[in-house]
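# Working through the structure, step by step
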Amino acid sequence: DSGVTQTPKHLITATGQRVTLRCSPRSGDLSVYWYQQSLDQGLQFLIQYYNGEERAKGNILERFSAQQFPDLHSELNLSSLELGDSALYFCASSVGDPPDGNTIYFGEGSWLTVV
Amino acid sequence: AQSVAQPEDQVNVAEGNPLTVKCTYSVSGNPYLFWYVQYPNRGLQFLLKYITGDNLVKGSYGFEAEFNKSQTSFHLKKPSALVSDSALYFCAVTGGGADGLTFGKGTHLIIQP
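Anyway, here's the lowdown on the structure attached to this text.

## Let's talk about the overall build of chain B
- Looking only at helices and strands, chain B has zero helices and twelve strands in total.
- Put simply, chain B runs from its N terminus to its C terminus through helices and strands in the order β-β-β-β-β-β-β-β-β-β-β-β.
- The C-alpha radius of gyration computed for chain B amounts to 13 Å, which stays within 12% of the reference 13 Å derived for 113 residues, consistent with globular compactness.
- For chain B, the spread of C-alpha atoms along the principal axes amounts to about 45 × 30 × 20 Å.
- If you take every contact in chain B between residues at least 6 apart in sequence, the share linking residues at least 24 apart comes to 57%.
- In chain B, 8 positive and 8 negative side-chain charges are present, and the distance between their average locations comes to 4 Å.

Structural data, given as structure tokens:
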């Protein structure tokens, strides 16, 4: 158990809908990261927050947004869902930024299926 | 931009033999390198990392990796493979900054009894 908690573990939704994925980082970790894993794209970095502020941005679509709350949990909002958004979404956390060499620990992921 | 290449989609090794999973990287500045393992329907588990210092890094489950700056490589190794090592292995790199942690496409490691 990495200590990173993600909910829900699985969800199925229809195209055009909106979903929210939730992540609680490890105790003491200030950084939260979101990744998308799909068969064709591999593991793609979406976005990172550090202590409530956006720190780094990757291949995140405009239909997707995220935030980190004062209690450090994070939510990833996916809207106007398309079939191609079906993937495994990972949340990860670390004490600080990678430049400090901090290890990033991953949750078990949220399986999203868009039908 | 930073990048990671894992040239082999799949590596097959007989149980008890040594294994190597290859990784090369490209990054501006000093690299911070990581290996993770993913079992089916599970999250990524941290194995080891290179930040600075000794080029040979030891990690979990008997794995180790060798950092080679001139070849920009960070190959994962284990002296004696176990069937339970069969999984998907990811190499990752960051040079800091706004690019986050970049992963390779992963290598399926299959250990045959």
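## Points about the interface of chain A and chain B
- Listed per partner, the contact involves 20 residues of chain A and 21 residues of chain B.
- Here chain A and chain B share an interface that buries about 1700 Å² over both sides, 56% of which is from carbon and sulfur atoms.
- Counting across the chain A and chain B interface gives one salt bridge.
- Close ionic contact of Arg42 of chain B with Glu108 of chain A constitutes a salt bridge, the shortest N to O distance being 2.7 Å.
- On the surface where chain A and chain B come into contact, there are six residue pairs in polar contact (both at pLDDT 80 or more).

## Here we look at the sheet that holds strand β8 (residues 74-78) of chain A
All names here are of chain A.
- Spatially, β1-β3-β8-β7 is the arrangement adopted by the four strands of the open sheet, whose pairing is antiparallel. For this open sheet the edge positions go to β1 (5-7) and β7 (64-68), each flanked by a neighbour on one side alone. Strand-to-strand, the axes of this sheet are offset by a mean angle of 15°, without reference to chain direction.
- For β1 and strand β3 (residues 19-24), the ladder comprises three bridges, and the chain directions are antiparallel. By the bridge assignment, Thr7 is partnered in β3 with Arg22.

## Concerning the pairing of strand β11 (residues 110-114) of chain A
Residue and element names in this part refer to chain A.
- Alternating positions in β11 separate cleanly, Ser110, Leu112 and Val114 being buried on one face and Trp111 and Thr113 remaining unburied on the opposite face.
- Pairing of strand β9 (residues 87-94) with β11 involves three bridges; the strand directions are antiparallel. Looking at β11, one finds that Ala87 is bridged to Leu112.

## What about the packing of aromatic side chains?
- What the rule picks out here adds up to 16 aromatic pairs over all chains.
- Considering the side-chain rings of Tyr105 of chain A and Phe46 of chain B, the 6.2 Å spacing of their centres and the 65° angle between planes classify their relative orientation as edge-to-face. One end of the pair, Tyr105 of chain A, is in strand β10 (residues 105-106); the other, Phe46 of chain B, is in strand β6 (residues 44-50), on a second chain.
- Ring centres 6.0 Å apart and planes at 70° place the aromatic pair Tyr36 of chain B and Phe46 of chain B in the edge-to-face group. Taken as a pair, Tyr36 of chain B in strand β5 (residues 32-38) and Phe46 of chain B in strand β6 lie far apart in primary sequence, ten residues in all.

Scoring rules and cut-offs
Residues numbered from 1 in each chain as written. Chains lettered and ligands numbered in written order. Predicted model: local features only at pLDDT ≥ 70, side-chain atom pairs only at ≥ 80, totals over all residues. Heavy atoms only, no water. Helix = DSSP H or I, 4+ residues; strand = E, 2+ residues; numbered from the N terminus. Rg over C-alpha atoms; globule rule 2.2 N^0.38 Å. Contact = heavy atoms within 4.5 Å. Lys, Arg positive; Asp, Glu negative; His and termini not counted. Charge placed at Lys NZ, Arg CZ, Asp CG, Glu CD. Buried area = accessible area lost by both parts, 1.4 Å probe. Salt bridge = Lys/Arg side-chain N within 4 Å of Asp/Glu carboxyl O. Polar contact = N/O pair within 3.5 Å; in protein donor to acceptor, adjacent residues only side chain to side chain. Pairing = 2+ DSSP bridges. Axes fitted to C-alpha atoms, helices over the stretch in contact; angles between N-to-C directions. Buried < 20%, exposed > 50% of the residue type's maximum accessible area, 1.4 Å probe, protein only. Phe/Tyr/Trp six-rings, centres within 6.5 Å; stacked < 30°, edge-to-face > 60°.

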